[in-house]
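Structural overview
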Amino acid sequence: KQAPPQLFDLTTLQREASSKFGFSARNTLAIAQSLYERHKLLTYPRTDSKCLPEDYIDTISTHISGFANSISSASLEQQIIDSSSKVIKNGWIKPNKRIFNNAKISDHFAIVPTGKVPTAALKEQEQKIFDLVTKRLIAIFFPSAEFETTRRITRIENDSFLTTGKVLVKPGYLEVYGRKPGVATEKNELIPAETGDKAQTSNIEIIAEETKPPARFNEATLLGAMETAGKRIDDEELKDAMKERGLGTPATRAAIIEGLIAHKYLFRHEQQKRDLVVSNKGLALIDLLDDIG
């Protein structure tokens, strides 16, 4: 079983938008800020909380009912309308500490839609962020997705080939994203097959490969590393001081990355635009810090 992901805080929204759409962290913050200030469609984005207040259940119920009953909005996908209707019809909005939890809220709660339905068409990037946040809110009330963990052996004459992966049996929350059972879309997913099914061997190719170094950081993975930076420290005293802190805050992490690029300590890879590369100036700074202890 795979439970629905938690609601967005700013860092997870920036990471998701970077992975899915290639948006920079700064750009995602600017779009979310515009959807909050100008369009009044999202709640305050500069937050580090993934939960909602415990007295917010009725408000969320009203918001999702509003989406379910929206018929003529240019900015609301049919998938959002249908999924919202299913949540309301099944009475899935209930007290749940994973979603509604006062203890896990600091100054602001998770980023969710305000319940206002867009009346005019949004810009493409705004629409993508609005859809991302809205679907995440609806999906969290759906049941878990269910997969069969699969080991499949294919025999070609005297040779056996092992394929491992998973088969989607019940979409659960993935239904919000248009997923259907038995359809493989992720790279570790398989389509269903029965024992004894025949497969065609169209060609056989032997590929010699070597181990690869770890992938370069991109904005999504660097934001994640900054969020949990304390966990990567070997010194126990420093590790304790950094416990649950990370580097920067949700509101400043994008600016820190942009600052390093502006001062030419980092640059974006010429071909792989999402990848971040350390410059000679950045390497010299690390050496200098090592030398002075």
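Residues numbered from 1 in each chain as written. Predicted model: local features only at pLDDT ≥ 70, side-chain atom pairs only at ≥ 80, totals over all residues. Heavy atoms only, no water.

Some remarks on the overall build of the protein chain
Of the regular secondary structure elements, the protein chain holds nine helices and four strands. The N-to-C order of helical and strand elements in the protein chain reads α-α-α-α-α-β-β-α-α-α-β-β-α. Based on the C-alpha atoms only, the size of the protein chain along its principal axes is roughly 65 × 55 × 40 Å. Contacts in the protein chain between residues far apart in sequence, at least 24 positions, make up 68% of those at least 6 positions apart. Looking at the protein chain as shown, the accessible area adds up to about 18300 Å², and 51% of this sits on carbon and sulfur atoms. (Helix = DSSP H or I, 4+ residues; strand = E, 2+ residues; numbered from the N terminus. Contact = heavy atoms within 4.5 Å. Areas by Shrake-Rupley, 256 points an atom, 1.4 Å probe, with all protein chains shown as cover.)

Re the pattern of salt bridges
Side-chain pairing between opposite charges can occur once the charged atoms of the two side chains come close. Scanning the entire structure with this criterion turns up twelve salt bridges. A salt bridge links E227 to R15, with the shortest nitrogen-to-oxygen separation between them at 3.9 Å. With E227 in helix 6 (residues 219-227) and R15 in helix 1 (residues 10-21), this pair connects stretches of sequence that are 212 residues apart. For E227, a relative accessible area of 22% gives the class partly exposed. For R15, a relative accessible area of 32% translates into the label partly exposed. Between E126 and R38 there is a salt bridge, and its shortest N-O distance comes to 3.9 Å. Placement of E126 in helix 5 (residues 124-139) and of R38 in the loop between helix 2 (25-37) and helix 3 (57-68) is noted, with a sequence separation of 88 residues between them. Given the relative accessible area of 57%, R38 is considered exposed. Within the structure, one salt-bridge network assembled from shared partners comprises R26, E219, E258 and R268. (Salt bridge = Lys/Arg side-chain N within 4 Å of Asp/Glu carboxyl O. Buried < 20%, exposed > 50% of the residue type's maximum accessible area, 1.4 Å probe, protein only.)

What about the pairing of strand 2 (residues 159-170)?
Relative to strand 2, strand 1 (residues 146-156) runs antiparallel, the two being bridged by eleven bridges. Bridging across to strand 2, I156 finds its partner in D159. (Pairing = 2+ DSSP bridges.)

Looking at the nonpolar core
In summary, soluble globular proteins display a tendency toward joint burial of nonpolar side chains. Counting residues in each nonpolar core, the largest one holds 43 residues, and the members touching the most others are L52, I60, I129 and F141. Mapped onto this core, the elements with two or more residues apiece are helix 1, helix 2, helix 3, helix 4 (78-90) and helix 5. Looking at this core, the element that brings in the most residues is helix 5, giving seven residues. Discounting residues that sit within four places of it in the chain, L52 has contacts with L7, I60, I99, F100, N101, I105, F109, A110 and V112. Core analysis: the next-biggest nonpolar cluster, separate from the first, contains nine residues, A254, I257, I261 and L276 among them. (Core = buried A, V, L, I, M, F, W, Y, C linked by side-chain atoms within 4.5 Å.)

As for the packing of helix 1 against helix 2
Axis separation between helix 1 and helix 2 bottoms out at 9 Å; the angle between their running directions is 115°. Remark: the crossing between helix 1 and helix 2 carries right-handed chirality. Packed against helix 1, whose contacting residues are L10, L13, Q14 and A17, the element helix 2 presents A25, T28, L29 and A32 at the interface. Its residues assigned to classes, the contact of helix 1 with helix 2 comprises six nonpolar, two polar and no charged. (Axes fitted to C-alpha atoms, helices over the stretch in contact; angles between N-to-C directions. Left-handed = near helix turned anticlockwise from the far one by under 90°. Nonpolar A, V, L, I, M, F, W, Y, C, P; charged D, E, K, R; others polar.)

Let's talk about helix 9 (residues 280-292)
Between its first and last C-alpha, helix 9 extends 18 Å over 13 residues, near the 18 Å set by a 1.5 Å rise per residue. Trailing helix 9 by a residue or two, G293 shows a phi angle of about 70°, which is positive. (Expected span 1.5 Å × (residues − 1).)

Considerations on the environment of V133
Tracing the backbone shows V133 in helix 5. In sequence terms V133 and L13 are 120 residues apart; their C-alpha atoms lie 8.0 Å from each other. Not counting residues up to four positions away in its chain, the partners in contact with V133 are F8, L13, L42, I111, V112 and P113.

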